[in-house]
Amino acid sequence: MTVPVRAEQDSPKYLRLSRGFTLLELLVVMVIVGITLGAVAFNAMPSERQVLQNEAQKIALLLQSARDEAIVRNRPVAFETDGEGYRFLVRENNAWQPLLGDDLLRERPFKHPPVILSLSPPSLEQTSRLRIVFGREPVGIPFVLTLANSNAQVAIRADGIGHFVVE
């Protein structure tokens with residue numbers, strides 16, 4: 001004969017309904033989510049130095065393209081800039097003309113103007129804008145183009161034979 005035995009856990013004293021999360025568990029999850037979102041937001045917004053570094057990388061690649069364009073066209077090509085933006089010019093009939101019809105070497109604004117620019121050694125052509133001229137020869141004069149804003153400074157170093165390095 002079998003006698004049913006009632007387990008102690010079945011008694012009302014041990015019955016506990018477990019539905020949902022405790023307040024402490026919810027608070028821990030909220031803190032973890034908040035810290036994670038804060039880290040992502042902080043890394044998603046680049047610093048002024050990173051923005052300037054990216055701008056300098058783009059300009060270095062465009063300068064290399066402008067140098068190659070001058071050799072291919074057999075005409076001088078110039079990079080001209082002020083604190084608000086930059087553009088590329090080609091020398092035609094003893095005058096500088098904007099380089100039209102070229103999506104790569106089109107006029108562009110700086111992302112966060114104004115940008116302070118300096119050239120070492122200084123350009124021979126003195127205008128209200130800073131100008132770097134690439135001739136038809138594959139070898140040119142080495143230079144350093146420095147871009148700066150209120151908090152950062154980045155330099156583009158050209159070796160004269162077509163290599164442009166951002167420092």
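To keep things clear, this report deals only with the structure shown in the data block. Along each chain, numbering runs from 1 in the same order as the chain's sequence is written. Per-residue local features of the predicted model are confined to residues with pLDDT of at least 70, and side-chain atom pairs are confined, for both listing and counting, to 80 or more; whole-chain, interface and lining totals are unaffected and use all residues. For the side-chain quantities, the full set of heavy atoms in the structure was used; hydrogens and water were omitted.

Notes on the packing of aromatic side chains
In this description, a pair of aromatic rings is defined by centroid distance and the angle of the planes. The line we're drawing: Classification of ring pairs rests on two measures: the distance between centres of Phe, Tyr or Trp rings, Trp counted by its six-membered ring, which must be within 6.5 Å, and the angle between planes, read as stacked under 30 degrees, edge-to-face over 60 and tilted in between. Partly exposed residues are those whose accessible area sits between 20% and 50% of the maximum for their type, while under 20% is buried and over 50% is exposed, using a 1.4 Å probe and protein chains only. In this text, helices come from DSSP runs of H or I with a minimum length of four residues, and strands from runs of E with a minimum of two, each type numbered from the N-terminal end.
Taken as a whole and assessed by the stated rule, the structure comprises six aromatic pairs. Relative to Phe-88, the ring of Phe-79 has its centre 5.4 Å away and its plane inclined at 55°; by these criteria the two rings are tilted. Classification of Phe-79 as buried rests on a relative accessible area of 0%. When the ring of Phe-143 is compared with that of Phe-164, the centres are 6.2 Å apart and the planes differ by 55°; the resulting orientation is tilted. With Phe-143 in strand β7 (residues 143–148) and Phe-164 in strand β9 (residues 164–166), this pair connects stretches of sequence that are 21 residues apart. For Phe-143, a relative accessible area of 8% puts it in the buried group. Judged by its relative accessible area of 14%, Phe-164 is buried. An aromatic cluster of at least three residues, connected via ring pairs, comprises Phe-79, Tyr-86, Phe-88 and Phe-110.

Quick word on the pairing of strand β3 (residues 95–98)
Operational definition: Strands are treated as partners if at least two bridges between them are detected by DSSP.
Pairing geometry for strand β2 (residues 85–92) and β3, over four bridges, is antiparallel. Along β3, the bridge assignment pairs Leu-89 with Pro-98. Counting the residues that bridge the hairpin from β2 to β3 gives two residues, and of these Asn-93 lies at a positive phi of roughly 55°.

A closer look at the sheet that holds β7
Quick note on the threshold: Only the stretch in contact is used when a helix axis is fitted, and all axes are lines through C-alpha atoms; the angle between N-to-C directions ranges over 0 to 180 degrees. The contact criterion used throughout is that any non-hydrogen atoms of two residues lie within 4.5 Å.
The strand order across the open sheet formed by four strands is β5-β7-β8-β9, and the pairing between neighbours is antiparallel. This sheet does not close on itself; its edge strands, each paired only once, are β5 (116–120) and β9. The sheet shows a mean angle of 15° between the axes of neighbouring strands, taken without regard to direction. Docked against the sheet, helix α2 (residues 48–73) engages β7, β8 (153–158) and β9, running at close to 20° with respect to β8.

Considering the environment of Asp-159
Test applied: We define a polar contact as two N or O atoms separated by no more than 3.5 Å, with the added condition that, inside protein, one atom must be a possible hydrogen donor and the other a possible acceptor, whereas residues neighbouring each other in sequence contribute only through side-chain atom pairs.
Mapped onto the elements, Asp-159 comes out in the loop between β8 and β9. Note: C-alpha distance between Asp-159 and Ile-141 (18 residues apart in sequence) is 7.5 Å. A polar contact of 3.0 Å, which involves the side chain of Asp-159, links it to the backbone nitrogen of Ile-161. At a separation of 3.4 Å, a polar atom in the side chain of Asp-159 contacts the main-chain amide nitrogen of Gly-162.

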